[in-house]
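Here is how the chains run, residue by residue.
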4 protein chains.
Amino acid sequence: MADRLKIGIIGAGRIGKIHIDNIARFIPQAQLTGLADIMLTAEQEAWAKGLGARIVSKDPADLLKEPEIKAIIVCSSTDTHADFTVAAAQAGKHIFCEKPIDLSVAKVKAALDAVKKAGVKLQIGFNRRFDHNFARIREYTRAGEIGDVQLIKITSRDPAPPPIAYVKVSGGIFMDMMIHDFDMARFQAGSEITEVYAAGAVLVDPEIGKAGDVDTAIVTLKFANGAIGVIDNSRKAAYGYDQRVEVFGSKGAASAENDLPNTVKLSTEKSVVAEKPLYFFLERYKQAFVDEMISFIDSVQNNKPVAVTGEDGLANMYAALAALKSVKEKRPIFIEEIKGQN
Amino acid sequence: MADRLKIGIIGAGRIGKIHIDNIARFIPQAQLTGLADIMLTAEQEAWAKGLGARIVSKDPADLLKEPEIKAIIVCSSTDTHADFTVAAAQAGKHIFCEKPIDLSVAKVKAALDAVKKAGVKLQIGFNRRFDHNFARIREYTRAGEIGDVQLIKITSRDPAPPPIAYVKVSGGIFMDMMIHDFDMARFQAGSEITEVYAAGAVLVDPEIGKAGDVDTAIVTLKFANGAIGVIDNSRKAAYGYDQRVEVFGSKGAASAENDLPNTVKLSTEKSVVAEKPLYFFLERYKQAFVDEMISFIDSVQNNKPVAVTGEDGLANMYAALAALKSVKEKRPIFIEEIKGQN
Amino acid sequence: MADRLKIGIIGAGRIGKIHIDNIARFIPQAQLTGLADIMLTAEQEAWAKGLGARIVSKDPADLLKEPEIKAIIVCSSTDTHADFTVAAAQAGKHIFCEKPIDLSVAKVKAALDAVKKAGVKLQIGFNRRFDHNFARIREYTRAGEIGDVQLIKITSRDPAPPPIAYVKVSGGIFMDMMIHDFDMARFQAGSEITEVYAAGAVLVDPEIGKAGDVDTAIVTLKFANGAIGVIDNSRKAAYGYDQRVEVFGSKGAASAENDLPNTVKLSTEKSVVAEKPLYFFLERYKQAFVDEMISFIDSVQNNKPVAVTGEDGLANMYAALAALKSVKEKRPIFIEEIKGQN
Amino acid sequence: MADRLKIGIIGAGRIGKIHIDNIARFIPQAQLTGLADIMLTAEQEAWAKGLGARIVSKDPADLLKEPEIKAIIVCSSTDTHADFTVAAAQAGKHIFCEKPIDLSVAKVKAALDAVKKAGVKLQIGFNRRFDHNFARIREYTRAGEIGDVQLIKITSRDPAPPPIAYVKVSGGIFMDMMIHDFDMARFQAGSEITEVYAAGAVLVDPEIGKAGDVDTAIVTLKFANGAIGVIDNSRKAAYGYDQRVEVFGSKGAASAENDLPNTVKLSTEKSVVAEKPLYFFLERYKQAFVDEMISFIDSVQNNKPVAVTGEDGLANMYAALAALKSVKEKRPIFIEEIKGQN
């Protein structure tokens, strides 16, 4: 086995903790060497040290200047992703960056340039590509089992809307939620989105509308390879987290249903009752979070291309901006229009 | 029991035969009294007489002038629907007319006017409202089980494209195929479509493109009640006839899967194999054809409103025309635009 | 097409009506020529004549002496089945007899002898062999898809127990209910039952126990080909009629789930709800009743072996008697023991 | 939080490694303090020390004499389970012992006596009670959702038979395989087995028959509370590990299907294909292994009754011995007979 990859993590919030935990439990080929969080607590410090982290600091620079650390995982707040990516690249570190890289196209481009110049690897945290269901669909399409892809349908609904405060800074439903589905659409199509039409509505909570966002949306996609697709999002599905994908082609279709906590059916005089889907993304994509990190570490250790590139992150962002513009201007938007404006 | 309703049928082609057969087998409250078909064969004549038809003729006028006949079923070629509807109305007969009434909005309006003036009942053959699955979804929405309707998703794919000759005269995919789905969407939404955006593609057969049509389409709908919806159509699903509906609302969702010929699963070393969907509309909507006719006869005999009105037929047609225009002009189209032009 | 087969039916109760109705609606190759019922009502008479029956009588002999009638369907009360079968055979008629032929082995044997001597065809009404699900499983086993049959599992539960009066005369759960499952087991195994062990319990209604019967049973079967099997019966499944079969072999398994009235699922905050099974045997085996009759008529018209022989009826009866004896004597019973005693 | 429970494990084979790994990854409330394996390798030693084990030895006595160690997990070869249980009890340690405790009833009883005298806790490794599906069924029955339990059906089939050498020493299919199902049956029934009838066959591999065992079996159970049940086992299901449970009662039924690696369906011109079940017990019961250990540690730390007692182990063994005797003597066997003989 190659030496364990020494990793430094910036940000010990919810997602940072998941990555640290996954590395400690499931990824012996990596080693948590450093953790930096500007709000670092004593508890976090003790925890990280218990897991073997040698450098625990409030200053991310402490990680970047440590020669032993070969890769940086960026899990800090969104507005710092781009800066840390640039800094890590300049320090010669490989980078795993949570999505989105930034809400500004210019800053994203600058970050990608820095990465390119430094010659380091950058993977973006679109973890759903690693989901057991969706990856299986992609295997089928790659193996030619469904022929030429013609239609892609993605259902993606959250169990409950985020706080209004979050909606106001997140970039809205297309940027914080559907961006995952744009990535899934491109992943499954094996082709780039060229045009977007978005129909949005405020049906869940009027406050979301007041914040300038929609909470329900149907978005039609056209792809470079001629396929067409559709994504529907809702901020609130009463029955829980609804994550389904269907890919239809000239030879057939592959479709994935939701994961359930168990397979039990209760049959009574009244009805037959089954379980609701797994609650939310932490449960649903539990293994996908592990597998994306294993994939990243494998890319670094064995010098393979990363599974989700910075360019993927940018392309997903273009789609989200196009959807936003489409809702506002009530017309289909070409991705080239968005690129031209940014 | 009321006296049996005496019925005359115009047209003994495929769909006419189904209606005749259903009345003879399953609808004792009706009586096939007359059949007219301009191409009437000796075999058809013998068959109809064997079923008790007293008047069998090549001239539909023979049915219209028969006082005993109270209702006319119009199953002739599409271009004659409107004329026979008008003639039947003027003869004071109630009318069940296969869809579409006509491809011209003006002719449809004229037919509806004639019906209104005559004070007779007119039901259009959108049989899928009577399907056991889709009717069950509507029961759930009517009972308030899913709360306010927010999203409607309809998948509707044929096992094989029709002959190119048919495509050329049918009005195209939106008019001959998706029009059923527009009706389903309006039925499930309990609201009228106000805006349509259609993304079309030629992915199944280039000849369809040469004929000026598309064979694959995703259409986004907006409804008067604020809900949004999407329909996807393909002229060719390798695995057969794919007919699914999902209605999502503030309190949950109701969704229907395909009907299968049997429930058997074969588990082997290689995989677990289940059946493909029922082959095509004759199998899939077998009982719906019976039930729409029972409903029509009940409306006539007991003076109840029909389940699918002429205005429904017109509204579905507006949606189809809007979709056609949307594909051509590559923009969303308001239904009001279509109404204004016709 | 061959001439229509002229049929006479003895007994116009529930099952007789179903057969008459099926012939009239779905089996043009047969013709209802006669109906006899010792309790014949004016309404029944009018109905039968309306369907074309020329001979309608209270005396079954009127059918037997009519040369035009080629086949007799015996749907009278169980205690008359054997006598009518013998009389029909002696009159040279082919016979379709509802199960059981009789509750006495001696009378069954005598009836089979009479049939054999007369050289007529006899089919017994074990309609479930024609069920779309169970027939599909048999197709798979016949095609070798599951290899050598090793295990057969049959679940068969009624929605509600019959009246106690019926239990007292029916021969009990093994003779009136599980006998269908013995037939299914033999049909699927492609082999004869050699040994039976029955565990019975009175868990549904103590009155059933007082009547000398059990209402819940698990019966283990051994087959001549080495396979083993199990049937479970309950007189009352709260969720309705439960009819499932699973056949397991060296290369895999084929299993059938219940049929449902529709495929709709309702997902709410509380749970995901699906439909209960189709209510009872009239709904569940609707098409099987048609198909068994088509098969019988085909056997007669084209001189093919019948699908369910009198010997099948006898073999099923042996299994039922063995189960009954097993419950009483609390030990496994060889079929040969039963044969030796009868 | 209470202090971490210091644990010593005897045996670092397949199952021992799983428990060690689970404690290290998922159970922070416990600490691996010692490991003993008479075949200890340098690699095992390094691994255990890397996980924090202070005492790593070839001599289990080293664990038993260490005061810091409060609980012993017995994962050694079956023939040593009873002795280590006795020794651990005498050393005042709580014990988690893999099943079976021993193949001799006398030795099991002696071990249980020693445990009782020492006043320590003993949990047996019947991990399936913790399975997400089967535990959910038990929740339903406990909550009264299915009323009085009447029928229990357990399907349990392995993907491939064990080596013949194993069959010869394991005690056979009832003792090494169906014993899990006896435990499940008692768990779901909430009642003890009183009578067993076993039908066995050699259908998978004649060598198994030569070794004095069967490879296919259907076993009927009677329970003290009046319920009846059936278990079917096969040493080889071509499609993989088949683990299903159904509990039927006066108010309905709860049933669990197999877990699948993903929910994807591939629909093509030929068929609709889904995944086979998860491969074998390590995949299927992965979380159950974690949860049984969490439950054991909770029992020790918070002085609660264990979930699976030594008496459960003994009762399951009686059922297995009864099944074995039933196959040999071809008659149903009362559990009391077995108890009387041991």
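Some remarks on the overall build of chain A
Okay, step 1: Along its length, chain A carries 14 helices and 15 strands.
Okay, step 2: For 342 residues, the compact-globule estimate of 2.2 N^0.38 gives 20 Å, and chain A sits close to it at 21 Å.
Okay, step 3: Seen along its three principal axes, the alpha-carbon backbone of chain A occupies a region of about 55 × 55 × 45 Å.
Okay, step 4: In chain A, which comprises 342 residues, the proportion classed as buried is 61%.
Okay, step 5: Summing over all exposed atoms, chain A offers an accessible surface of approximately 12,800 Å²; the carbon and sulfur share of this is 53%.
Okay, step 6: Averaging the coordinates of the 43 positive side-chain charges in chain A and doing the same for the 44 negative ones gives two points 1 Å apart.

Considerations on the interface of chain A and chain D
Quoted interface sizes are often the accessible area lost when the parts come together.
Okay, step 1: Listed as interface residues are 28 residues of chain A and, on the opposing side, 28 residues of chain D.
Okay, step 2: Buried area between chain A and chain D, summed over both chains or domains, comes out near 2,200 Å², and the portion from carbon and sulfur atoms is 49%.
Okay, step 3: Salt-bridge contacts for E275 of chain A lead to R136 of chain D; the nearest nitrogen and oxygen are separated by 2.7 Å.
Okay, step 4: Summed over the shared surface of chain A and chain D, the result is 13 residue pairs in polar contact (both at pLDDT 80 or more).
Okay, step 5: Where strand β13 (residues 265-268) of chain A and strand β12 (residues 252-256) of chain D come together, 4 bridges link them in antiparallel fashion. The residue bridging T268 of chain A from the neighbouring strand is G252 of chain D, located in β12 of chain D.

Digging into the packing of helix α9 (residues 178-189) of chain B against helix α13 (residues 310-329) of chain B
Residue and element names in this part refer to chain B.
Okay, step 1: Viewed as axis vectors pointing N to C, α9 and α13 meet at an angle of 120°, and their least axial separation amounts to 9 Å. As the angle between them shows, α9 and α13 are arranged oblique. The chirality of how α9 crosses α13 is right-handed. Packed against α9, whose contacting residues are I179, F182, D183 and R186, the element α13 presents D312, A315, N316, M317, A319, A320 and A323 at the interface.
Okay, step 2: Partitioning the contact of α9 with α13 into residue classes produces 7 nonpolar, 1 polar and 3 charged.

So, the relation of the copies chain D and chain C
Okay, step 1: Overlaying chain D with chain C gives an RMSD of 0.0 Å, the required rotation being 180° about an axis along which the chain moves by 0.0 Å. In short, the pair behaves as if placed about a two-fold rotation axis. When each C-alpha of chain D is compared by its distance to the rotation axis, R331 of chain D comes out closest, at 2.8 Å.
Okay, step 2: In this assembly the copies share their binding face: 100% of the residues contributing to the interface of chain D also contribute to that of chain C.

Section: the pattern of salt bridges
Okay, step 1: Applying the stated criterion across every chain yields a total of 126 salt bridges over all chains.
Okay, step 2: The closest approach of N and O atoms between R25 of chain A and D21 of chain A, which form a salt bridge, is 3.5 Å. Here the residue R25 of chain A and the residue D21 of chain A both occupy positions in helix α1 (residues 14-26), the gap between them amounting to 4 residues, near one helical turn.
Okay, step 3: Of the residues examined, D21 of chain A reaches a relative accessible area of 24% and is grouped as partly exposed.
Okay, step 4: Its salt-bridge partner being R129 of chain A, residue D183 of chain A comes within 2.8 Å of it at the nearest N-O pair. Of the two residues, D183 of chain A is situated in helix α9 (residues 178-189) and R129 of chain A in the loop between β6 (122-124) and α6 (132-142); the sequence distance between them amounts to 54 residues. The residues D183 of chain A and R129 of chain A share a single accessibility class, namely buried.
Okay, step 5: What emerges from the salt-bridge pattern is a single network uniting K153 and E246 of chain A together with R157, D232, D242 and R244 of chain B.

Comments concerning the packing of aromatic side chains
Okay, step 1: In the structure shown here, the tally under the stated rule is 36 aromatic pairs over all chains.
Okay, step 2: The interplanar angle of 85° and the centroid separation of 6.1 Å between the aromatic rings of Y241 of chain A and Y285 of chain A together place this pair among those described as edge-to-face. Taken together, the positions of Y241 of chain A in the loop between β10 (228-234) and β11 (242-249) and Y285 of chain A in the loop between α11 (281-284) and α12 (286-301) put the pair 44 residues apart, joining distant regions of the chain.
Okay, step 3: Their ring planes at 80° and their centres at 5.0 Å tell us that F280 of chain D and F281 of chain D sit as a pair that is edge-to-face.
Okay, step 4: When its relative accessible area of 21% is taken as the criterion, F280 of chain D is described as partly exposed.
Okay, step 5: Members of the aromatic cluster, each reached through a chain of ring pairs, are F134, Y241, Y279, F280, F281, Y285 and F289 of chain A.
Okay, step 6: A cation over a ring is seen here: R157 of chain B above F248 of chain A, with NZ or CZ 4.5 Å from the ring centre.
Okay, step 7: The side chain of R136 of chain D reaches across the aromatic face of Y140 of chain D, ending 4.0 Å from its centre.

Describing the sheet that holds strand β5 (residues 94-97) of chain C
Residue and element names in this part refer to chain C.
Okay, step 1: Reading across from one edge, β3-β2-β1-β4-β5-β6 is the order of the 6 strands in this open sheet, with parallel pairing throughout. Edge strands, defined here as strands with exactly one partner in the open sheet, are β3 (55-57) and β6 (122-124). Neighbour to neighbour, the strand axes of the sheet diverge by 20° on average, direction disregarded.
Okay, step 2: Running over the sheet, helix α12 (residues 286-301) touches β1 (5-10), β2 (30-36), β4 (71-74), β5 and β6 and is turned about 165° from β5.

With respect to the interface of chain D and chain C
Okay, step 1: In this complex, chain D contributes 39 residues to the contact, which on the side of chain C involves 39 residues.
Okay, step 2: Where chain D abuts chain C, roughly 3,000 Å² becomes buried across the two surfaces, and 64% of that area is made up of carbon and sulfur atoms.
Okay, step 3: Contact with chain C buries area across many residues of chain D, yet K153, Y197 and I218 of chain D alone supply 18% of it, more than any other trio.
Okay, step 4: Here chain D is connected to chain C by 6 salt bridges.
Okay, step 5: Two residues, R157 of chain D and E246 of chain C, come together in a salt bridge whose shortest N-O distance is 2.7 Å.
Okay, step 6: There are 11 residue pairs in polar contact (both at pLDDT 80 or more) connecting chain D and chain C.

Observations concerning the state of the cysteines
All names here are of chain B.
Okay, step 1: Scanning all chains against the criterion turns up 0 disulfides over all chains.
Okay, step 2: C97 supplies the cysteine sulfur nearest to C75, a cysteine that is in no disulfide, at a spacing of 8.3 Å.
Okay, step 3: Relative accessible area serves as the criterion here: at 8%, C75 is assigned to the buried category.

Side note on the pairing of β13 of chain A
All names here are of chain A.
Okay, step 1: Across 2 bridges, the pairing between β13 and strand β14 (residues 272-274) is antiparallel. Opposite S267, over in β14, you have V272 as the bridge partner.
Okay, step 2: Hairpin connection, β13 to β14: the antiparallel pair is bridged by 3 residues.

What about the sheet that holds strand β2 (residues 30-36) of chain A?
All names here are of chain A.
Okay, step 1: A sheet is described by the order of its strands in space; here 6 strands give the open sequence β3-β2-β1-β4-β5-β6, paired in parallel fashion. This sheet does not close on itself; its edge strands, each paired only once, are β3 (55-57) and β6. Between one strand and the next, the sheet's axes are offset by a mean angle of 20°, whatever the strand orientation.
Okay, step 2: Sheet analysis places strand β4 (residues 71-74) next to strand β5 (residues 94-97), joined by 4 bridges and oriented parallel. Bridge pairing in β5 links I72 to I95.
Okay, step 3: Sheet strands touched by α12: β1 (5-10), β2, β4, β5 and β6. Its angle to β5, the strand with the most contacts, is close to 165°.

Here we look at the confidence of the model for chain A
Okay, step 1: Taken as a whole, chain A shows an average pLDDT of 96; of its residues, 99% reach a score of 70 or greater.
Okay, step 2: Complex prediction metrics read pTM 0.95 and ipTM 0.94.

Focus: a positive patch on the surface
Okay, step 1: There is a patch of like positive charges on the surface, built from K265 of chain A, K265 of chain B, K265 of chain C together with K265 of chain D.
Okay, step 2: Using a relative accessible area of 38% as the deciding quantity, one classes K265 of chain B as partly exposed.

Description of the nonpolar core
Residue and element names in this part refer to chain B.
Okay, step 1: One finds I7, I9, I95, F174, F182 and L221 to be the most contacted residues of the largest nonpolar core, which totals 102 residues.
Okay, step 2: When residues in this core are grouped by element, the largest group, 8 residues, is from α13.
Okay, step 3: Excluding its chain neighbours within four sequence positions, the residues that come into contact with F174 are I179, F182, A198, V214, A217, V219, A320, A323, L324 and V327.

Points about α9 of chain B
Okay, step 1: Between the first and last C-alpha of α9 of chain B there are 16 Å, a value that for 12 residues agrees with the 16 Å anticipated at 1.5 Å per step.
Okay, step 2: G190 of chain B sits one or two residues past α9 of chain B and shows a positive phi near 65°.

Things to note about the pairing of β5 of chain C
Residues and elements named next belong to chain C.
Okay, step 1: Side-chain alternation along β5 places H94 and F96 on one buried face and I95 and C97 on a second face that is also buried.
Okay, step 2: One crossover worth recording links β4 to the parallel β5 by way of helix α4 (residues 78-90), and it is right-handed.
Okay, step 3: The handedness of the β5 to β6 crossover, carried by helix α5 (residues 105-118), is right-handed.

Thresholds applied
Residues numbered from 1 in each chain as written. Chains lettered and ligands numbered in written order. Predicted model: local features only at pLDDT ≥ 70, side-chain atom pairs only at ≥ 80, totals over all residues. Heavy atoms only, no water. Helix = DSSP H or I, 4+ residues; strand = E, 2+ residues; numbered from the N terminus. Rg over C-alpha atoms; globule rule 2.2 N^0.38 Å. Buried < 20%, exposed > 50% of the residue type's maximum accessible area, 1.4 Å probe, protein only. Areas by Shrake-Rupley, 256 points an atom, 1.4 Å probe, with all protein chains shown as cover. Lys, Arg positive; Asp, Glu negative; His and termini not counted. Charge placed at Lys NZ, Arg CZ, Asp CG, Glu CD. Contact = heavy atoms within 4.5 Å. Buried area = accessible area lost by both parts, 1.4 Å probe. Salt bridge = Lys/Arg side-chain N within 4 Å of Asp/Glu carboxyl O. Polar contact = N/O pair within 3.5 Å; in protein donor to acceptor, adjacent residues only side chain to side chain. Pairing = 2+ DSSP bridges. Axes fitted to C-alpha atoms, helices over the stretch in contact; angles between N-to-C directions. Parallel < 35°, antiparallel > 145°, perpendicular 65-115°, else oblique. Left-handed = near helix turned anticlockwise from the far one by under 90°. Nonpolar A, V, L, I, M, F, W, Y, C, P; charged D, E, K, R; others polar. Least-squares fit on C-alpha atoms with pLDDT ≥ 70 in both. Phe/Tyr/Trp six-rings, centres within 6.5 Å; stacked < 30°, edge-to-face > 60°. Lys NZ or Arg CZ within 6 Å of the ring centre and 35° of its normal. Disulfide = S-S within 2.5 Å. pLDDT = per-residue confidence, 0-100. Patch = residues over 30% accessible without salt bridge, like charges linked within 9 Å, V, L, I, M, F, W, Y side chains within 5 Å. Core = buried A, V, L, I, M, F, W, Y, C linked by side-chain atoms within 4.5 Å. Expected span 1.5 Å × (residues − 1). Right-handed = clockwise from strand over helix to strand, strands pointing away.

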